[in-house]
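Working through the structure, step by step
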Amino acid sequence: MTEPTTPETRLWTPKGFREDEWAHAESADALSGNGRFILPLQAFLDLDPQVRRSAKERIGVMLQPGDQLEKIADLLDQLSLVALAFPAFSDGRSFSKGELLRGRHHFEGAVRATGQVLVDQLPHMLRLGFDEFEISNPVLLKRLEEGRTGGLGVYYQPAEVPELKGPKYSWRRMRNS
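Let me begin by describing the structure that accompanies this report. (Residues numbered from 1 in each chain as written. Predicted model: local features only at pLDDT ≥ 70, side-chain atom pairs only at ≥ 80, totals over all residues. Heavy atoms only, no water.)

**Re the overall build of the chain**
- The helix and strand inventory of the chain stands at six helices and eleven strands.
- Looking at the chain as a whole, 42% of its 177 residues are labelled buried.
- Intrachain contacts of the chain at a sequence separation of at least 6 include 47% that bridge at least 24 residues. (Helix = DSSP H or I, 4+ residues; strand = E, 2+ residues; numbered from the N terminus. Buried < 20%, exposed > 50% of the residue type's maximum accessible area, 1.4 Å probe, protein only. Contact = heavy atoms within 4.5 Å.)

**What to know about the sheet that holds strand 2 (residues 16-18)**
- Spatial strand order, 2-1-8-7-6-5-4-3: eight strands in an open sheet with mixed pairing. In this open sheet, the two edge strands, each paired with only one partner strand, are strand 2 and strand 3 (22-24). Between one strand axis and the next, the sheet turns through 30 degrees on average, direction left out of account.
- Pairing of strand 7 (residues 110-115) with strand 8 (residues 132-135) involves two bridges; the strand directions are parallel. (Pairing = 2+ DSSP bridges. Axes fitted to C-alpha atoms, helices over the stretch in contact; angles between N-to-C directions.)

**What about the side chain of Lys-97?**
- Residue placement: Lys-97 occurs in helix 4 (residues 93-103).
- Although Lys-97 is buried, it makes no salt bridge; Asp-67 carries the closest opposite charge, 6.9 Å away.
- Within the structure, the side chain of Lys-97 is placed 2.5 Å from the backbone oxygen of Pro-65, a separation counted as a polar contact. (Lys, Arg positive; Asp, Glu negative; His and termini not counted. Salt bridge = Lys/Arg side-chain N within 4 Å of Asp/Glu carboxyl O. Polar contact = N/O pair within 3.5 Å; in protein donor to acceptor, adjacent residues only side chain to side chain.)

**Examining the nonpolar core**
- Counting residues in hydrophobic clusters, the biggest one holds 37 residues, and the most contacted among them are Leu-39, Phe-44, Ile-72, Leu-79, Val-82, Phe-130 and Phe-133.
- When residues no more than four places from it in sequence are discounted, the contact partners of Leu-79 are Phe-44, Lys-56, Ile-59, Gly-60, Val-61, Ile-72 and Phe-107.
- Trp-22, Ala-83, Ala-85 and Ala-110 belong to the second-largest nonpolar core, a separate cluster that totals seven residues. (Core = buried A, V, L, I, M, F, W, Y, C linked by side-chain atoms within 4.5 Å.)

**Quick notes on the pairing of strand 4 (residues 36-40)**
- In the sheet, strand 3 pairs with strand 4 via three bridges, with the strands oriented parallel. Paired with His-24 across the two strands is Ile-38, which belongs to strand 4.

**Points about unusual backbone geometry**
- With a phi angle near 55 degrees, His-106 is a residue other than glycine that sits in the positive phi range.
- Of note, His-106 is situated in the loop between helix 4 and strand 7.
- Looking at His-106, the relative accessible area reads 57%, which means it is exposed.

**Let's talk about the packing of aromatic side chains**
- For the structure on display, the rule yields four aromatic pairs.
- When the ring of Trp-12 is compared with that of Phe-133, the centres are 5.7 Å apart and the planes differ by 45 degrees; the resulting orientation is tilted. Here Trp-12 is found in strand 1 (residues 10-13), whereas its partner Phe-133 is found in strand 8, with 121 residues between them in sequence. As far as burial versus exposure is concerned, Trp-12 and Phe-133 are alike and both buried.
- Relative to Phe-130, the ring of Phe-86 lies with its centre 5.9 Å away and its plane at 55 degrees, an arrangement referred to as tilted. A residue pair is termed long-range when its members are at least 10 positions apart, and Phe-86 in strand 6 (residues 81-86) and Phe-130 in the loop between helix 5 (122-128) and strand 8 qualify at 44 residues. The same class applies to Phe-86 as to Phe-130, namely buried.
- Grouping aromatic residues by their ring pairs yields a cluster made of Trp-12, Phe-86, Phe-95, Phe-130 and Phe-133.
- A cation over an aromatic ring shows up here: Arg-10 above the ring of Phe-17, its NZ or CZ 3.8 Å from the ring centre.
- In this arrangement the basic side chain of Arg-52 is found over the ring face of Phe-44, its NZ or CZ atom lying 5.4 Å from the centre. (Phe/Tyr/Trp six-rings, centres within 6.5 Å; stacked < 30°, edge-to-face > 60°. Lys NZ or Arg CZ within 6 Å of the ring centre and 35° of its normal.)

Structural measurements only, silent on function.
Right, here's the structure in full:
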C-alpha cells in the first residue's frame with residue numbers, strides 16, 4: 001500500500017502561474033538567510049520594530065482564521081504580503097479579513113490565500129482583493145491551466161475590485177472580462 005502524497009501546490013495570480021518568491025517559515029530565524037519569508041503572526045509581532053521596518057520587502061505574515069487582524073492593522077506599512085489561511089472550506093473568516101485589509105485598511109501589498117482554495121471560492125476571493133493564491137486543489141489547478149476562473153457574470157453586491165454597473169439596475173454589477 002502506498003502512502004498518500006501531498007498534492008502539488010502552485011502559486012497562481014490573475015496573470016497566471018508563477019514561481020513563488022516566498023517561503024513559509026516558523027520563526028524569525030529564517031530572516032538571517034536570503035529570501036522572502038511568511039512568518040506566523042506571533043513571530044512577526046515579536047520582531048524588533050527596526051527589523052520589521054528595514055526588512056519590509058522580505059517579510060510577510062500568515063493569519064489563521066482565529067487570529068485578530070487588529071493586531072497588525074497599525075503595522076501594515078511594515079508588510080509587503082499578508083497571507084490568509086483557509087484550513088477548511090467551511091471556515092470563511094479569512095474572506096472577511098481579506099475584505100477588511102483592502103476596504104477598511106487600504107492595504108496595497110499582496111493578499112494571498114493559502115490552504116483550501118476551491119473552485120467556487122476563487123471568483124469571490126478575486127472580487128474581495130486577493131491577488132495571490134497557493135493552489136493545491138487538482139480541479140482548480142486544471143481549470144486555471146485552461147484559463148477558466150469561473151464565477152457568475154452578474155453580482156448584486158459591490159466589491160473591492162471595481163465592476164461595471166449592470167443594465168437597468170444601479171445595484172447590479174457585471175463581471176469585468
